[in-house]
Amino acid sequence: MSNQNGGRSGRGMAAVREDSDGFGGLGLSKRALAAVEELGYDEPTPVQSLAIPQVIAGKDVMAAAQTGTGKTAAFLLPTLDGLGHAGKGEGPLMLVVTPTRELAQQIEDAAELICRHTGHRTVVLVGGVGYEPQRQALRRGCDLLVATPGRLQDLMNQHEADLSSVRVLVLDEADRMLDMGFLPDMRRIVAATPSQRQTLLFSATLDDDVLSNTKSLVRRPVRVEVARKGTAAETVDQYVLPVSPEAKSAVLAELLRREGSRRVIVFCRGKHRADGICRKLRKAGVLCAPIHGNRSQNQRERALANFRDGQVDVLVATDVLARGIDIPDVSYVVNFDVPSDAEDYIHRIGRTGRAGESGWALSFVTEDDYLDLRDAEGLMGRVIPPFPRAEGLDLGRDPVRMDPGRDPHEKLPGKKARKKMADARRARKAAAEGPAAAGMAAERPRPGTNKAGQATSRQVRAKGSGRPSRKDGGAKPATTQRPRPQSRRRAKATESGFNLSPDRGEAGARRGRRHPGDRGGTR
């Protein structure tokens, strides 16, 4: 292709060759190699070694690699190195579509660094922020557009986003976009781009679902697959802890007190659940912040920035944070709830042990979580060992019993059978709580009486004075508001040994392999 009107340069058709000299052997130009040095890479990762020459050769690529392996640089370096430049008010020449705001921000951060060497302009379109600044940025023109599907669709419908000049299309975390129901949006976006384009599809997995739904989006693609489906990072030690449901919050607080609360990510199911966990941790004196879909873009960015800077020790997140987010030096990960999708388990624990560092992950397992954990074990083909430092933790009334000799390859119940099992558990729980609730109601005194059934002094005074009681419609007497006991609880947490301001150490410092008992990685 020619380099006119923003096409790829002739260098993009260079012959594919094996990596013989680090990044210098992949066919990148001197300016791209300068960006590599600024990015801090020493040697290319496997997905970079395999994908970059194919991208430079102008081929469509479908690439799969486990999280934390440098997929972003694998598509940004070769594409920006060979991309032309759009004129004022023109473009984009390259479009990257990614499922979440955090991933879009991360791609923009890496792209801005590379663009300092290549001279390209970048625009980002995400939800949670105003439309007008994004409209104005598009009208000024750009070379690279990074967008989430929903906001891009909105601006396309408003005739503000024109994709007719796109020469390179990147679908990042394609499997996640399919899981989130973005396939119709993806097809509409692809249809708005020219048919003569290069398409790069990057994903954590290339399973049958991904292949069948995306085969129409690429043309004779080169397939790059670094790790098989279900491969967890070898730098992460995994453990399980059977817990009774009512004990989870207390166990989490005690775990953070024991192991250290610095740079920890806690994953759970549901937005409201994340907020509730945060409230309980704050009462225990833990510096934490939630991240989920109901938080605004500014709130999510601020939480991530505060976590990176050490102003927040613990992030409590839904699976919006599980994929691709590069947060360096995460000490360990806690699965407060085991995810229902086994692949999400792989992505969650991959938030630690990144870029050659080590980490560990602990999953709380209740009866409701048990089969989901077995799914993750089946995907990985291994049994996750018990947490070695569980002694002394109050795991509640009835923690689930886990067979240490369980077979990870055992055939498990299907969805319908699991739903029946869940219904049966709820019925048992309701039946067990019924008599207890009835007993509590019987013991509760009637309004205006004490436990012995005698009238209270207030009720006696009201009757004797002729004034109506509150039950009879009398006004509620004015009372002084009691002070909230939060400060006393925080003081109690401090007295019990909770580290409210742990030593954060030097950010990014290299460490040995982390294990439970390392106090969040501090030595």
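K.L.:
Is there a simple way to think about the environment of Gly-405 in this case?
P.N.:
Along the chain, Gly-405 turns up in the loop between helix H14 (370–380) and helix H15 (415–443). For Gly-405, a relative accessible area of 61% translates into the label exposed. When the C-alpha positions of Gly-405 and Val-383 are compared, they lie 8.4 Å apart, and in sequence the two are 22 residues distant.

K.L.:
Would you explain the sheet that holds strand S9 (residues 264–267) in this entry?
P.N.:
Strand order in this open sheet of 6 strands is S8-S13-S12-S9-S11-S10, and the pairing throughout is parallel. Pairing within the sheet leaves two strands with one partner each, and these edge strands are strand S8 (236–242) and strand S10 (288–291). Strand-to-strand twist of the sheet, defined as the mean angle between neighbouring strand axes without regard to direction, takes the value 20°. In the sheet, S10 pairs with strand S11 (residues 314–317) via 4 bridges, with the strands oriented parallel. Along S11, the bridge assignment pairs Ile-291 with Ala-317. Running at roughly 180° to S10, helix H11 (residues 271–283) makes contact with S10 and S11 of the sheet.

K.L.:
Before we go on, may I ask you to explain the pattern of salt bridges in this structure?
P.N.:
Opposite charge on two side chains permits pairing when their charged atoms draw close. Applying the stated criterion across every chain yields a total of 28 salt bridges. Across the pair Asp-372 and Arg-269 runs a salt bridge, and its minimum N-O distance is 2.4 Å. One end of the pair, Asp-372, is in helix H14; the other, Arg-269, is in the loop between S9 and H11, with 103 residues separating them in the sequence. Glu-367 is the salt-bridge partner of Arg-428, the closest N and O atoms lying 3.4 Å from each other. In this pair, Arg-428 is assigned in helix H15 and Glu-367 in the loop between strand S13 (359–365) and H14, connecting sequence segments 61 residues apart. Taken together, the shared-partner salt bridges in this structure form one network comprising Glu-132, Arg-135, Arg-139 and Glu-160.

The rules we used
- Residues numbered from 1 in each chain as written.
- Predicted model: local features only at pLDDT ≥ 70, side-chain atom pairs only at ≥ 80, totals over all residues.
- Heavy atoms only, no water.
- Helix = DSSP H or I, 4+ residues; strand = E, 2+ residues; numbered from the N terminus.
- Buried < 20%, exposed > 50% of the residue type's maximum accessible area, 1.4 Å probe, protein only.
- Pairing = 2+ DSSP bridges.
- Axes fitted to C-alpha atoms, helices over the stretch in contact; angles between N-to-C directions.
- Contact = heavy atoms within 4.5 Å.
- Salt bridge = Lys/Arg side-chain N within 4 Å of Asp/Glu carboxyl O.

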